[in-house]
Amino acid sequence: MSSLLQSPEWQKLNALMLSDGTQHLRDLFAENPQRFEQFSRCEMDMLFDFSRQRVTQPILQGLIKLAEASGLKAQIKAMFSGEVINTTERRAVLHTALRADPNCKILVNGQDVMPAVRANLDHMKTFVEGVHSGRLLGATGQKFTDVVNIGIGGSDLGIVMVNEALARYRQSGITLHCVSNIDGSQLSDVLSKVNAATTLFVVCSKTFTTLETLSNAKIARQWLTDQLGAEAVSHHFVAVSTNDKAMDAFKISPENRFTMWEWVGGRYSLWSSVGLSIALSVGMTHFEELLRGARIMDEHLQQAPFENNYPVLMGMLGIWNRNFLELDSLAVLPYDQRLHRFAAYLQQLDMESNGKRVTHSGESVECDTGAVVWGEPGSNAQHSFFQLLHQGTARAALDFIAPVNASSEYQGQQNLALANCLGQAQAFALGYTEQEVEQELNARGMDESTIARLIPHKLHPGNCPSSILLFPKLDPLTLGKLIALYEHKVFVQSVVWGINAFDQWGVELGKKLADTLVPVVEKPETAPAALQGLMGYVKRWRQ
Ligand code: F6P
């Protein structure tokens with residue numbers, strides 16, 4: 001196997017790290033007034049400003065060369081054309097087919113998947129229209145007012161995130177609730193709010209074997225049956241899954257089943273019938289706009305030259321930050337409260353995809369892979385963890401995301417948000433020097449010894465790399481582009497690192513152990529020696 005780290009492209013970047021990579025962003029801006037023009041792109045109604053990333057033209061070109069040398073072009077083609085790129089599970093990866101031009105043909109094992117994709121979308125459309133119009137009613141003949149999505153991971157995070165992001169586009173008369181967690185609190189809170197006669201449950205699970213989802217769904221079914229009788233289940237429960245047998249066992253009636261395919265990974269599935277709850281909440285037209293937005297990004301990934309290609313640029317800048325600047329985390333900071341679950345959504349997308357330590361062929365990776373992704377809406381973050389990022393010893397790369405126009409009726413407030421976003425990006429890049437601190441404190445009339453005492457505390461080192469994604473407004477089309485941009489960024493990085501972004505074996509062990517411990521928690525006296533101490537407290541404190 002050829003070595004990534006020994007490749008001429010990687011070596012060249014190593015050399016550039018020692019020269020260009022040591023320059024402070026303050027100096028890079030001072031030396032080059034054209035920095036914004038050279039290190040920003042504006043396509044698809046989205047500005048990608050990466051002028052505050054710690055790169056120079058030679059570094060950017062070096063990163064593009066590395067992407068080319070990794071065979072990325074061929075891998076992009078392979079993904080879109082349905083080749084088996086999820087090598088460990090021997091599956092095609094075709095979430096892009098779910099938002100593709102409906103008239104195109106995409107073959108998996110020689111069979112065109114598009115007729116099934118179209119049929120599924122039609123099924124969703126008919127169902128959503130039926131619920132909204134009142135053609136489909138609950139068991140007592142009442143219109144549905146509440147939808148409860150029961151799912152976890154990829155069967156929850158995208159739904160929650162999009163439903164929050166598109167709150168302004170929600171259908172009136174219907175409220176979406178999402179239950180994912182296994183501990184019962186979410187379920188209890190939701191069930192105490194809704195009326196059985198007007199509530200529709202969507203059990204969303206690709207495998208239909210997930211403990212959290214099935215146990216919550218069973219309680220919900222019992223709750224409904226207790227109030228409306230067992231016959232009501234067929235009116236009030238629908239399911240999204242690939243697993244017909246399990247849906248049979250759960251007694252989901254055939255007309256209430258929405259299909260999924262093995263070639264759609266859970267964390268890439270909000271475009272499929274997993275998006276049913278989204279469509280029920282914001283309407284099918286907005287859901288289709290979301291798909292259209294993603295399609296625009298898909299076409300861009302396939303067609304744009306790498307130097308203008310958003311996912312390629314974003315992915316490669318991420319590699320620069322991770323592998324050369326050795327930043328092991330990425331903070332995602334939207335300046336729009338409606339994106340308050342975006343970082344949580346990206347955590348699964350990025351960390352479940354690129355949290356890998358072996359390559360496709362099973363050999364240890366030669367360099368670090370996926371970063372830790374985290375974040376909060378920017379204004380809140382400024383008043384909590386920004387202190388550490390500005391002056392602490394831990395460092396991170398940052399993605400600022402902001403719409404120009406408010407996602408509320410208060411444009412003045414969004415203007416303030418934007419000013420804060422830009423102010424923070426500048427502060428992180430440029431820092432605050434000893435000289436600047438001294439000038440400020442002098443101007444405030446402080447004496448020399450106080451100034452000397454305060455200087456080290458008021459210094460900001462800066463040089464913290466960030467990108468800004470700016471767009472006119474947060475609408476379904478833009479959100480579709482934004483999500484697909486991050487999906488493809490993750491893919492680009494996985495190709496360079498030589499890892500499989502589409503499996504997730506690492507989540508299995510804990511699940512397996514939990515299964516064996518269910519009876520132990522019920523009967524602490526049966527605990528194995530290693531857990532006896534801890535289980536003693538469970539026994540003592542359980543009421
Ligand atoms: O946490 C592991 C995982 O398999 C995720 O990849 C997936 O999105 C989630 O569980 C839920 O799986 P399912 O949709 O099959 O219930």
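Predicted, not measured: the structure shown is a model, and the values here were computed from it.

1. Topic: the pattern of salt bridges
Alright, step 1. Tallied over the entire structure, the rule returns 19 salt bridges.
Alright, step 2. Arg 257 is the partner of Asp 244 in a salt bridge, and the nearest nitrogen-oxygen pair spans 3.2 Å. A residue pair is termed long-range when its members are at least 10 positions apart, and Asp 244 in helix 11 (residues 244-249) and Arg 257 in strand 9 (residues 257-259) qualify at 13 residues.
Alright, step 3. Since its relative accessible area comes to 45%, Asp 244 is described here as partly exposed.
Alright, step 4. Residue Arg 267 pairs with Glu 352 through a salt bridge whose shortest N-O separation is 2.9 Å. One end of the pair, Arg 267, is in the loop between strand 9 and helix 12 (276-282); the other, Glu 352, is in helix 15 (residues 342-354), with 85 residues separating them in the sequence.
Alright, step 5. The partly exposed category is assigned to Glu 352, whose relative accessible area is 21%.
Alright, step 6. Here the salt bridges share partners, and the residues they tie into one network are Glu 89, Arg 91 and Glu 262.

2. Quick notes on unusual backbone geometry
Alright, step 1. Unusually for a residue other than glycine, Asn 109 sits at a positive phi of about 50°.
Alright, step 2. Note on placement: Asn 109 falls in the loop between strand 3 (107-108) and strand 4 (111-112).
Alright, step 3. Here the phi dihedral of Glu 326 falls at roughly 55°; this positive angle occurs in a residue that is not glycine.
Alright, step 4. Counting through the fold element by element, Glu 326 comes out in the loop between helix 14 (310-324) and strand 10 (329-334).

3. Considerations on the pairing of strand 11 (residues 372-375)
Alright, step 1. The alternating pattern of strand 11 places Val 373 and Gly 375 on a buried face, while none of Val 372 and Trp 374, on the opposite face, is buried.
Alright, step 2. Pairing geometry for strand 10 and strand 11, over four bridges, is parallel. Counted as the bridge partner of Leu 330 is Val 373 from strand 11.
Alright, step 3. A crossover connection joins strand 10 to the parallel strand 11 through helix 15; in handedness this β-α-β unit is right-handed.

4. As for the layout of surface pockets
Alright, step 1. The space that makes up the largest pocket amounts to roughly 1100 Å³.
Alright, step 2. Along its surface, the largest pocket is lined by 39 residues, and Thr 207, Thr 210, Val 507, Glu 508 and Lys 511 are the ones closest to its centre.
Alright, step 3. Those elements that provide at least two residues to the lining of the largest pocket are helix 9 (211-228), helix 15 and helix 22 (508-522).
Alright, step 4. Among the elements that line the lining of the largest pocket, the one with the most residues is helix 22, at six residues.
Alright, step 5. For the lining of the largest pocket, a count of residues per class yields 12 nonpolar, 15 polar and 12 charged.

5. Digging into the domain arrangement of the protein
Alright, step 1. Entries for the protein in the domain assignment read domain 1 (8-69 + 304-429 + 466-503), domain 2 (103-288), domain 3 (431-463) and domain 4 (506-541).
Alright, step 2. Using C-alpha coordinates to define each centre, domain 1 is positioned 33 Å away from domain 2.
Alright, step 3. Across the contact, 29 residues belong to domain 1 and 18 residues belong to domain 2.
Alright, step 4. Between domain 1 and domain 2 we count one salt bridge in total.
Alright, step 5. Here domain 1 is connected to domain 2 by 10 residue pairs in polar contact (both at pLDDT 80 or more).
Alright, step 6. Partitioned by chemical class, the residues of the side of domain 1 that touches domain 2 number 14 nonpolar, six polar and nine charged.

About the criteria used
- Residues numbered from 1 in each chain as written.
- Predicted model: local features only at pLDDT ≥ 70, side-chain atom pairs only at ≥ 80, totals over all residues.
- Heavy atoms only, no water.
- Salt bridge = Lys/Arg side-chain N within 4 Å of Asp/Glu carboxyl O.
- Helix = DSSP H or I, 4+ residues; strand = E, 2+ residues; numbered from the N terminus.
- Buried < 20%, exposed > 50% of the residue type's maximum accessible area, 1.4 Å probe, protein only.
- Pairing = 2+ DSSP bridges.
- Right-handed = clockwise from strand over helix to strand, strands pointing away.
- 1 Å grid on protein atoms, 1.4 Å probe; cavity = no way out; pocket = protein on both sides within 12 Å on 5 of 7 lines; lining within 4 Å.
- Points joined across faces, edges and corners; volume = space filled by probe spheres on them.
- Nonpolar A, V, L, I, M, F, W, Y, C, P; charged D, E, K, R; others polar.
- Domains from an automatic or database assignment.
- Contact = heavy atoms within 4.5 Å.
- Polar contact = N/O pair within 3.5 Å; in protein donor to acceptor, adjacent residues only side chain to side chain.

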